[in-house]
Every structure is written in structure tokens, then in C-alpha cells.
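# Examination of the molecular architecture
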Amino acid sequence: MTKQLDPALDHDDYRSNDKSDLVRRVGVRSSLFNVKNKLVGYGLLLPAAAVFILFFYLPALYLFYIAFYHWSILSPFQQFVGLKNFRTLLAQPLFWRSLENSLYYTIVMIPAITFLSLGIAMLLRDGLSARRGGVWRAAVFLPHVTPVVATSIIWVWIFNPHFGLANAVLSALHLPQLGWLESTTWALPAVMIDSLWHSLGLYVLIFLAGLSRVPREIIEVASLDGAKSPRIFRRIIWPLISPTTFFVIVLASVNTWQAFSQIYTMTGGAHGGAGGPAFSTTTDALLVFQTAFTYFHFSLAAAMSLVLFLIILALTVVQKWISDRIVFYR
Amino acid sequence: MTAITLEALEKRFGGTAGSALDGIDLEIADGEFVVLLGPSGCGKSTTLRLIAGLETPTGGTIRFGKSVVNGVEGRDRNIGMVFQNYALYPHMTVTDNLCFGLKSRGVEKGEILKRLDEILEMLSLGDLAKRRPRELSGGQRQRVALGRALIGRPSVFLMDEPLSNLDANLREQMRMEIAKLHRILRITTVYVTHDQVEALTLADRIVVMNEGKIQQVSSPRRLYDEPANIFVARFIGAPGMNVLRIEKDMLIDPDSPFYLDEQITQSIVESTGSAVRLGIRPEDLALHNGGFPLRIRCRVVLIEQLGTHLQVHLEVDSDKLSSNIIAKLDVNCGVAVGDVVTLGSPAHLIHRFDDETELHLGRLANKSERIVSLHSTSGDNSHGVRIGEQQ
Ligand SMILES: Nc1ncnc2c1ncn2[C@@H]1O[C@H](COP(=O)(O)OP(=O)(O)OP(=O)(O)O)[C@@H](O)[C@H]1O
Ligand SMILES: [Mg+2]
């Protein structure tokens, strides 16, 4: 058959020619496009990277240097003192007290953050319609975008032992009134409540993203398989969101070990009383700040930061080690 | 084993106007294999999910046997379900996937192991028992999903497009496995697909749905031979039936592309309404060689070479109406794009539909009449409307 007599063949021929040509042209253009694209990408990164290098990474590296020197902001002469700063630090009861406070704060905060935000995320996912769900999500996330210092001042009023909302609620429930920020027992828990309120939205959002990756059919199959909600949660949802949970725990531990603004503000930082009463809210991060900027022991503060850094690093390594054994990655 | 009865079943999803299901009445016998077939969005999955108890109906009743199950939770309906994307538990091994349901229901250990062996054997999954889903091929995953649905000895087996993620060969193989499983187990099965071949090969009965309504319920054979209406006629078959609307005015038009013999002309004149619709399957059209009671003059637009035959797309050769026809013709018929040809079909292969209700009215002749009809028209074009031969 000649070409003319076989329209189907003719058609195919035409198409294939056209296609290979097209592929060639697109190929050339896309490689040029890639190079240009990369340059643009790095260009856009540059401002942010510059800020980070200048104000985060260089100072962080400089910290290692300061920690091994007797370093004074007023003196041009800095003396190498080896581990002396660390020895001083470990001999200080207040340093140990601050570690204790930080540990207490973290140990309460991490489970509280994890379980509360997961719980709220589950409620938002299951219990609410798509449209109203958006409103609730916004409501939960909103505290996170408010300035910590400003809202912490509001919380100071809420925790006022004489006319604050917290005690009003307790008395309405016929519970004993608490001293809150004026009590050595309840000051840190009061800070925890503020921190939870402020940070939960972020973790809820992360969990919502994690939950949305659990296919609906899997949960439906499990329910047809006879599993009730607790079993579905324990055996299906919990393992499937374990990467998200792990991420939340790491993020929460880093954030809580470094918690500063809300503690400083709520415990009277503006009046110089931060960390009180009686050092009951002096966490590691707060002590670093006070050592450096109230007492001007920069090298001691640097050594302390280094210890804080090592603790967080160790925690993360341990968490990673655990996660490699129990977290399920698809 | 359970019979399923759906009565005036209705489902409306909140917010949007219109309903996903609009009064479904269906009786599924104990042990029957019923296929729900229809275009995307017609409500197949919704029907299945209502039977499974994954959705709550907004109206009507669902019965398993004699008892109404509307208020019964899915997990208490004793159902096995297979989804299109397998929905295996990704963090569990094949064994754990299979046993999860039995463990949830507190079946004792010895029994679980016994049934596990049974299922692994039946679906030849023995070698894969320790693997996770991501270490399985698509076909193996689907076998695990089948096994997981069957290990609980369900009284109702539901499948929602279980094969559509598989490639053609595997699909055929799994289709046969499903047919075999049903022959052995005889579980009442509702199977959703939009693949006609699956429907025709697997079903005892096919339910054709469109826009939330049942169009026809019948055996595969009858669905093809006696479509209830134009929708079914066009939907069943690959490609579906050609349906031509012939207005009464055309009967006296000398330029009409249709030639209709006396008998057809008569029946059209007698029918109510201003037009009739005639349906002819692509495989029932042939190049005219004299003696067909209906002939259509049309122009070839596109030819698809399918190996066994040509699939020829044509356009009715007329200024007054534009109507497309598909015909399956012999590979050696020698037509080319642009040709004007005359196609015809014997009367017993031509379906009539009501112009307004679109319901099937029957065929122009039954099989025995065919001989008579061919006989009386052969070589005799003097009755009826004349059309110039083009070939
Ligand atoms: N959860 C839902 N919310 C709102 N509308 C829905 C929901 N599920 C289904 N629908 C609507 O109901 C109708 C029927 O959907 P259904 O999933 O039953 O179709 P289907 O026949 O299974 O289609 P497909 O072949 O594409 O799977 C569609 O119009 C769909 O948009
Ligand atoms: Mg569907």
C-alpha cells in the first residue's frame, strides 16, 4: 500500500516525527532553564543565608572560643583558661538547680504538648465539618502568632492570686486557691500553662498534616475488621503517624529546653526578678541570660550554653536512636 | 450467607445540591455475584459504602436477610471489603494484615492460625507471609487484600474497583481468581467496576447505574441484547450502540442519507412523536451489499486499525444533521478516510427507542422474521425511500 492509501499509517508517521522533534527542543530548553533556575534559587536564598550566618552561625561558633577563655567585654586582653569555666559552673548549686528546673519543665511539657496537640488534632479531624474545621484550626493556631511577651503579660494578670481569672475558675470549681507566680511550687506550672497555650497550635497543625497522610480507607477497613476506635488508634493511627510524633517530640524538646521569653516575662523580668520566686523558675536558658547580661560573666554563660547545647544534642541523638527502632517510615 | 435488599435507598451529601443516590431498589440473592456498573460519579461506590455501613443513608432501608441493618455499625455487619488502592496496613506484615480482624474480634489463637494457613494456601501467599505491603507487587497486594476480606468468613463480600490499579495481564488473571473464589465460596458479592469486560465476565447480574439511579438490572447477555434504554445501549459495548434520531420529515426528503424500507417507514409513520430513534451496534453494521432494510450513507472520518477488525468512525452524510457513527468493519474492506460509503444492517439487529422517554421499544424484527424481511427486500428497492448508491 502506498502512503496515500493508508491514512492510519500516514497519521502515525506524522505524529512520531513531530514528537521526537518536540522532545529534542524541550530537552535543550529545559537544561538551560535548569541552570538559570538554580542561580535564581541560590540568589533568593542569599539574604536569608547572610542573616543566618552573621547572627546565628558565627556567634554560635564564637561561643566555643569564649567558653575556654576568661573573656571580658571591657578588657581587650582575653586569657585562655581551659576548662576552668566548666569547673566553676559544676561547683555552682544554682547551675544544678537550673538544670533541675529545665528538666522538670521539659519532662512535663513534652508529653503534655504531644498528647494535647494530638488529641486536639484528632478532634479537629474527625469531629468537625470541613468549613467549621477551618475556623477551629485558625482558633487553635492563633495564639502561636501572637507575641510571646505581650500575651505573657496577659497571663500574669490571669494568674494574679487576688483577682486573676485562674483563681476565679478554681473557686468556681470549689478548689483551693493557689499563689501561682508568687508560689515556689506553682510558678513553673503557671509558666507551663502559658507556654502550652501559646505553642500548641503549631504542634496541632503538624499533627493534622501527619493525620491527613493516613488514608481514610485504611481506617475504614480496620473498622470493618471489627476494631473499635481505641484499637484503631493504637494499632493503626499511632504507628502510622509515628514519624510525625517523633518530629513533634524533637521540636518540642528543643523549644522547651530553650524556653526563655515567657519565663522571663512572667516571672518579673522587667523588674529584675526573673527566675523567682526563690529561683523556682530559673531554667538553664534563663540562667545563661542572667549570667551574661545581668552579671556580665560572659565566659561562664558561654560554657553554660555549651552544656545546654550538649544536653540538647544528646537528647536528640537518643531520640533518633529510639526512633530508628520504633518509628515506621513508609 | 445473606441476601441483601435495598429499598428506596437515598444518599445526599451535606451542602451540595442533588443526591448521590436517588431511590435505589435492588434485591441481591444469597450467594449471588452482582456487579454495579456505570460511569464515574454515578453512585456505585456510594451504594457499596452504604451496604458496608461506612456511610449512613439519608432515606430508605438496607436489609441483610430479613433484618434491617440501617442502624447497625459496619463492623457488626460481617462484611469483607476490598478497596481499589488495597488499603493494606502498611506497617504490618502480610500475616498481621490478615489476622488483624480476627484478633480484633477476639478469635482464639488456634483458630486464627488455622484460618491463616487456609487463606495463605488458597491465595498462594505462603512465601510472602513475612513481608510488608511495600515489598509486594500490585497483584500480590491485591491478593492480600482479598485474603484479609475473606479470612473473617464474611456473609457479604464487597469490592470497589479492586482490579483497576493492575496492568492488563494481571487484571485478567485476578479476574479469573475472583471468579474461582466465588465459585468455591459462594459468598454474596457486590462488585463495583466501570470496566464492562469485568462486569460481563464476572456477574450473575449486572446493575447499570447513572446519576444515582438504576438504569437496568439484568444478566450480562440481556444487557447487551435488550438494553432498557438509550443510556444502557450506549454504555454497554465497546464502543457502545449507535443511536440515530430520524425525524419524520426526513422520510420525504429526497436528499436524506437514510434509506428505509417499507416496513420501517410504516412503523415510523405509525409511531407517536415527531421522530424515532434507531440503534445499531457497531459490530452489526456492514458495508451495503444489497438487501438491508436500513442503509445509511456516511463519510469516513477516521480509521482505527485494531488488528482483528477496523474501527471506522463515520459522519452521516447530510447537511441537515450531524450524527456520528462507529462501525466495526473487516480489515480487508478497503475503505479510506474521506470515502462516502453506505452501511446497512438487517432488521433484527436494529433497536427502536422512544424519542421522548428513551426507553427500548424492541427490535425492528425478531430473528425468524429476518428471513422474511431479507427475502422481501432483496433486489427490490422500489418501496420506501430511495437513496442513491455511492459505491
Ligand atoms: N463524601 C462525599 N461528599 C460529597 N459528595 C460525595 C462524597 N462521596 C461521593 N460524593 C458524590 O456522590 C456522587 C457519587 O459518588 P460515587 O463515589 O458513588 O461515584 P462512583 O460511581 O463510585 O464513581 P467512580 O467510578 O469515579 O468511583 C458523586 O457525584 C460524588 O461527587
Ligand atoms: Mg467509586
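The notes below deal with the structure included here. (Residues numbered from 1 in each chain as written. Chains lettered and ligands numbered in written order. Predicted model: local features only at pLDDT ≥ 70, side-chain atom pairs only at ≥ 80, totals over all residues. Heavy atoms only, no water.)

## Regarding the site of ligand 1
Residue and element names in this part refer to chain B.
- Around ligand 1, the structure places Phe13, Ala20, Pro39, Ser40, Gly41, Cys42, Gly43, Lys44, Ser45, Thr46, Glu161 and His194.
- Residue Ser40 places a side-chain N or O atom 2.4 Å away from an oxygen atom belonging to ligand 1.
- In isolation ligand 1 has 630 Å² of accessible area, and contact with the protein removes 58% of it.
- When its residues are assigned to classes, the shell around ligand 1 shows four nonpolar, six polar and two charged. (Near = heavy atom within 4 Å. Polar contact = N/O pair within 3.5 Å; in protein donor to acceptor, adjacent residues only side chain to side chain. Areas by Shrake-Rupley, 256 points an atom, 1.4 Å probe, with all protein chains shown as cover. Nonpolar A, V, L, I, M, F, W, Y, C, P; charged D, E, K, R; others polar.)

## Re the side chain of Asp284 of chain B
- One can find Asp284 of chain B in the loop between strand E13 (275-280) and strand E14 (286-287).
- Sequence-distant contacts of Asp284 of chain B, defined by excluding residues within four places in its chain, comprise Gly344, Ser345, Pro346 and Leu349 of chain B. (Helix = DSSP H or I, 4+ residues; strand = E, 2+ residues; numbered from the N terminus. Contact = heavy atoms within 4.5 Å.)

## Some details on the interface of chain A and chain B
- With 23 residues of chain A at the contact, the number on the chain B side is 25 residues.
- Both faces combined, the contact of chain A with chain B buries some 2200 Å², and carbon together with sulfur accounts for 63% of it.
- The tally of links from chain A across to chain B stands at one salt bridge.
- Salt-bridge contacts for Glu220 of chain A lead to Arg49 of chain B; the nearest nitrogen and oxygen are separated by 2.6 Å.
- Along the contact surface separating chain A from chain B lie eight residue pairs in polar contact (both at pLDDT 80 or more).
- Counting only elements with at least two residues in the side of chain A that touches chain B, the list comes to helix H1 (7-67), helix H8 (216-224) and helix H9 (229-240) of chain A.
- Top contributing element to the side of chain A that touches chain B by residue count: H8 of chain A, with eight residues. (Buried area = accessible area lost by both parts, 1.4 Å probe. Salt bridge = Lys/Arg side-chain N within 4 Å of Asp/Glu carboxyl O.)

## Considering the packing of aromatic side chains
- The final tally for this structure, using the stated rule, is 24 aromatic pairs over all chains.
- For the pair Phe260 of chain A and Tyr264 of chain A, a centre-to-centre distance of 5.3 Å together with 25° between the ring planes defines the contact as stacked.
- Since its relative accessible area comes to 25%, Tyr264 of chain A is described here as partly exposed.
- An aromatic cluster of three or more residues is present, and its members are Phe260, Tyr264, Phe289, Phe293, Phe296 and Phe298 of chain A.
- Above the ring of Tyr224 of chain B, the side-chain terminus of Arg281 of chain B is found at 4.3 Å from the ring centroid.
- Taking NZ or CZ as reference, Arg295 of chain B lies 4.0 Å from the ring centre of Tyr259 of chain B, over its face. (Phe/Tyr/Trp six-rings, centres within 6.5 Å; stacked < 30°, edge-to-face > 60°. Buried < 20%, exposed > 50% of the residue type's maximum accessible area, 1.4 Å probe, protein only. Lys NZ or Arg CZ within 6 Å of the ring centre and 35° of its normal.)

## Here we look at unusual backbone geometry
All names here are of chain B.
- For the bond running from Ala238 to Pro239, omega is -5°, close enough to zero to count as cis.
- As for its position among the elements, Pro239 is in the loop between helix H8 (230-235) and strand E11 (242-247).
- One non-glycine residue with positive phi stands out, namely Glu161, at about 45°.
- Within the secondary structure layout, Glu161 lies in the loop between strand E7 (156-160) and helix H5 (168-185).
- Phi at Arg186 takes a positive value of approximately 55°, unusual for a residue other than glycine.

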